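This is what each chain is made of:
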Amino acid sequence: MQEKHTIKHFAPGWFAVVMGTGGLANILFLWERQFPALWRGSYAVAALADLAYPLLLFPWLLRWIKHFEYVRRDLHHPVATNFFVTMPVATVILGTNIHLIWSPFLGRGWAFGLMLGCWCVAVLGVAALTLFTTFRFIRAETAPDPDTMNFSWIMAPIANMALLLLGNQVLDAALSLRPAWAMTLFAMNAAMFGIGFFLFFFVGAIIFVRLAQHPLPPAETTPTFGIFLSAAGLAVSGLLDMGGHAKALGLVADTGIFAVGAATVWGFGMWILALIALICLHQLRRGGIPFGLGWWAFVFPLAAYTIGSQKVAARFPSALTQGYALFLTVLLGALWAYILVNTLRGIARGTLFVGRPIAVPPGPCGDTGF
């Protein structure tokens, strides 16, 4: 039996809305020189994302306080547990919006303080949830159901690499405002990148073995293939930004090796994007992909890869790199608009707050406990 309840069935993945929308705002802002109209639109999109953050945070926290049994059930669900990390990653995106879009209005000091606060919250949340989700499947005493094994399993590794989106911006500000912190921040960024990068390979290998040995997961989990793309985009951004900071700190004389590595991973992202398109076409021919909140798993990964592509275009300016970044931006904008409209429709109808209730034990007189 299914029931509608906004708080009980408030899915852990709701913060993916902020991740995707805030990421799109940053992308539009970075087209400032080429397309001023997109730059102006970035303020509206950023405002939408950043206002959505507290609106989502309230029911998210209320669920932990009033309906923890539903939170606990999701924490031990093989798929839902992976999406709790969207909350700290959304905090990262909030911080990047503050740095890139709102800092001229806030001033350097206020912007730095807010960015640092967002980064600290995100680091603590990602670290705790990475350990929890990793240990959860390691200690499992039974083999997982292949239908529950998909690329949502790499959410924790991806979240560690996503920390660099804000961590590198905090480091940028610290180089002038708090230079004594710079080396510590660089070391933490490098550590988070290492955790995410190598966990991605380990956990990703498990998922590829599952795909080789079993049929594709159910159609409704198809959007989780999009998460695979975020690894490429975040690795590209991480390598280019770390290279620049390593040179600024005197750790390397030249950033060429970082740039070549980033371009290599960027090319791998092209293959991932083509593979996702083929899988989506395959599922559409077989009956379609049911719409749900999980569709937002298409948006942030594409945003992460688009940002990485913009950075590659800046480092290797050419018709190919710049045209590809523009193509990804158009694709992302169209996908975001379609998913946003259907999400708002689902909110209005209540279909995104439906779930299976937890049985209430009978009272002493055999009643239902109401």
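Residues numbered from 1 in each chain as written. Predicted model: local features only at pLDDT ≥ 70, side-chain atom pairs only at ≥ 80, totals over all residues. Heavy atoms only, no water.

Here we look at the overall build of the protein
So, point 1. When helices and strands are counted, the protein shows 11 helices and 2 strands.
So, point 2. Seen in sequence order, the protein has helices and strands lined up from the N terminus as β-α-α-α-α-α-α-α-α-α-α-α-β.
So, point 3. Expected size for 370 residues packed as a compact globule is a radius of gyration near 21 Å; at 21 Å, the protein falls within 12% of this value.
So, point 4. Viewed in the frame of its principal axes, the protein has a C-alpha envelope of about 75 × 45 × 45 Å.
So, point 5. Buried positions account for 52% of the 370 residues belonging to the protein.
So, point 6. Here the contacts in the protein between residues at least 6 apart in sequence split such that 81% fall between residues at least 24 apart.
So, point 7. Of the accessible surface of the protein, which amounts to about 17200 Å², a share of 71% is contributed by carbon and sulfur atoms.
So, point 8. Here the protein contributes 21 positive and 13 negative side-chain charges, whose respective centroids are spaced 5 Å apart. (Helix = DSSP H or I, 4+ residues; strand = E, 2+ residues; numbered from the N terminus. Rg over C-alpha atoms; globule rule 2.2 N^0.38 Å. Buried < 20%, exposed > 50% of the residue type's maximum accessible area, 1.4 Å probe, protein only. Contact = heavy atoms within 4.5 Å. Areas by Shrake-Rupley, 256 points an atom, 1.4 Å probe, with all protein chains shown as cover. Lys, Arg positive; Asp, Glu negative; His and termini not counted. Charge placed at Lys NZ, Arg CZ, Asp CG, Glu CD.)

Examining a nonpolar patch on the surface
So, point 1. Together, Leu61, Trp64, Ile65 and Phe68 give the surface a local cluster of nonpolar side chains, amounting to about 380 Å² of exposed area.
So, point 2. For the nonpolar patch, the element with the most residues is helix 2 (residues 36-66), which contributes 3 residues.
So, point 3. Inspection of the secondary structure puts Ile65 in helix 2. (Patch = residues over 30% accessible without salt bridge, like charges linked within 9 Å, V, L, I, M, F, W, Y side chains within 5 Å. Salt bridge = Lys/Arg side-chain N within 4 Å of Asp/Glu carboxyl O.)

Some details on helix 3 (residues 68-75)
So, point 1. Restricting attention to buried positions, one finds in helix 3 the residues Tyr70, Val71, Asp74 and Leu75. Taken down its axis, helix 3 places every buried residue within 140 degrees of arc, on the same side.
So, point 2. Looking at the packing, one finds that the buried side of helix 3 touches strand 1 (3-4), helix 2 and helix 5 (108-138). (Arc of directions from axis to C-beta.)

Notes on the pattern of salt bridges
So, point 1. In total, this model carries 3 salt bridges according to the counting rule given.
So, point 2. For the salt bridge of Asp74 with Arg63, the shortest nitrogen-to-oxygen distance reads 2.6 Å. Of this pair, Asp74 sits in helix 3 while Arg63 sits in helix 2; the two residues are 11 residues apart in sequence, bridging distant segments of the chain. Judged on exposure class, the residue Asp74 and its partner Arg63 are both buried.

A word on the confidence of the model for the protein
So, point 1. Across the protein, pLDDT averages 92, with 97% of residues at or above 70.
So, point 2. Summarising per-element confidence for the protein, the mean pLDDT is lowest in strand 1 (88) and highest in helix 1 (residues 16-29) (97).
So, point 3. Contacts from residues 362-370, a stretch scored under 50 in pLDDT, to residues over four places away or in other chains number 4 contacts. (pLDDT = per-residue confidence, 0-100.)

A closer look at the packing of aromatic side chains
So, point 1. Inspection of the entire model under this criterion finds 34 aromatic pairs.
So, point 2. With 4.7 Å between their ring centres and 5 degrees between their planes, Phe151 and Phe228 make a pair best called stacked. Of this pair, Phe151 sits in the loop between helix 5 and helix 6 (155-177) while Phe228 sits in helix 8 (residues 225-248); the two residues are 77 residues apart in sequence, bridging distant segments of the chain.
So, point 3. Plain terms: the ring middles of Phe228 and Trp271 are 6.4 Å apart, the flat faces sit at 90 degrees to each other, and that makes the pair edge-to-face. (Phe/Tyr/Trp six-rings, centres within 6.5 Å; stacked < 30°, edge-to-face > 60°.)

Let's talk about the environment of Asp172
So, point 1. Structurally, Asp172 is set in helix 6.
So, point 2. Linking Asp172 and Leu185, residues 13 residues apart in sequence, is a C-alpha distance of 9.8 Å.
So, point 3. Among the polar contacts made by the side chain of Asp172, one reaches the side chain of His245 at a distance of 2.7 Å. (Polar contact = N/O pair within 3.5 Å; in protein donor to acceptor, adjacent residues only side chain to side chain.)

Points about the state of the cysteines
Each disulfide consists of one covalent bond between the sulfur atoms belonging to two cysteines.
So, point 1. Throughout the structure, instances matching the rule amount to 0 disulfides.
So, point 2. This cysteine, Cys120, is not joined by any disulfide, and Cys118 carries the nearest cysteine sulfur, 9.5 Å off. (Disulfide = S-S within 2.5 Å.)

A word on the side chain of Thr133
So, point 1. Of note, Thr133 is situated in helix 5.
So, point 2. Judged by its relative accessible area of 11%, Thr133 is buried.
So, point 3. Setting aside residues up to four positions removed in sequence, Thr133 forms contacts with Thr81, Asn82 and Ala156.

Describing the nonpolar core
So, point 1. Grouped together as the largest cluster of nonpolar side chains are 114 residues, with contacts concentrated most on Trp14, Phe15, Ile227 and Trp296.
So, point 2. Sequence-distant contacts of Trp296, that is, excluding residues within four places in its chain, are made with Ala16, Val17, Thr21, Pro301, Trp336, Ile339, Leu340 and Thr343. (Core = buried A, V, L, I, M, F, W, Y, C linked by side-chain atoms within 4.5 Å.)

Some details on the environment of Thr86
So, point 1. Position of Thr86 relative to the elements: it lies in helix 4 (residues 86-106).
So, point 2. When its relative accessible area of 1% is taken as the criterion, Thr86 is described as buried.
So, point 3. The sequence separation of Thr86 and Val126 amounts to 40 residues, and the corresponding C-alpha distance is 8.9 Å.
So, point 4. When near neighbours in sequence (up to four residues on either side) are disregarded, Thr86 contacts Pro12, Gly13, Phe15, Ala16, Met19 and Met155.
So, point 5. Polar side-chain contacts of Thr86 include one of 3.0 Å to the backbone oxygen of Pro12.

Examining the packing of helix 10 (residues 299-315) against helix 11 (residues 319-349)
So, point 1. Where helix 10 contacts helix 11, the two axes come as close as 9 Å, and the packing angle between them is 160 degrees. Looking at the two axes, helix 10 sits roughly antiparallel to helix 11. Note that helix 10 runs across helix 11; the crossing there is left-handed. Taken together, the residues of helix 11 that come into contact with helix 10 (itself represented by Val299, Leu302, Ala303, Tyr305, Thr306, Ser309, Gln310, Val312 and Ala313) are Thr321, Gln322, Tyr324, Ala325, Leu328, Thr329, Leu331, Leu332, Leu335, Trp336 and Ile339.
So, point 2. Residue classes in the contact of helix 10 with helix 11 are distributed as 14 nonpolar, 6 polar and no charged. (Axes fitted to C-alpha atoms, helices over the stretch in contact; angles between N-to-C directions. Parallel < 35°, antiparallel > 145°, perpendicular 65-115°, else oblique. Left-handed = near helix turned anticlockwise from the far one by under 90°. Nonpolar A, V, L, I, M, F, W, Y, C, P; charged D, E, K, R; others polar.)

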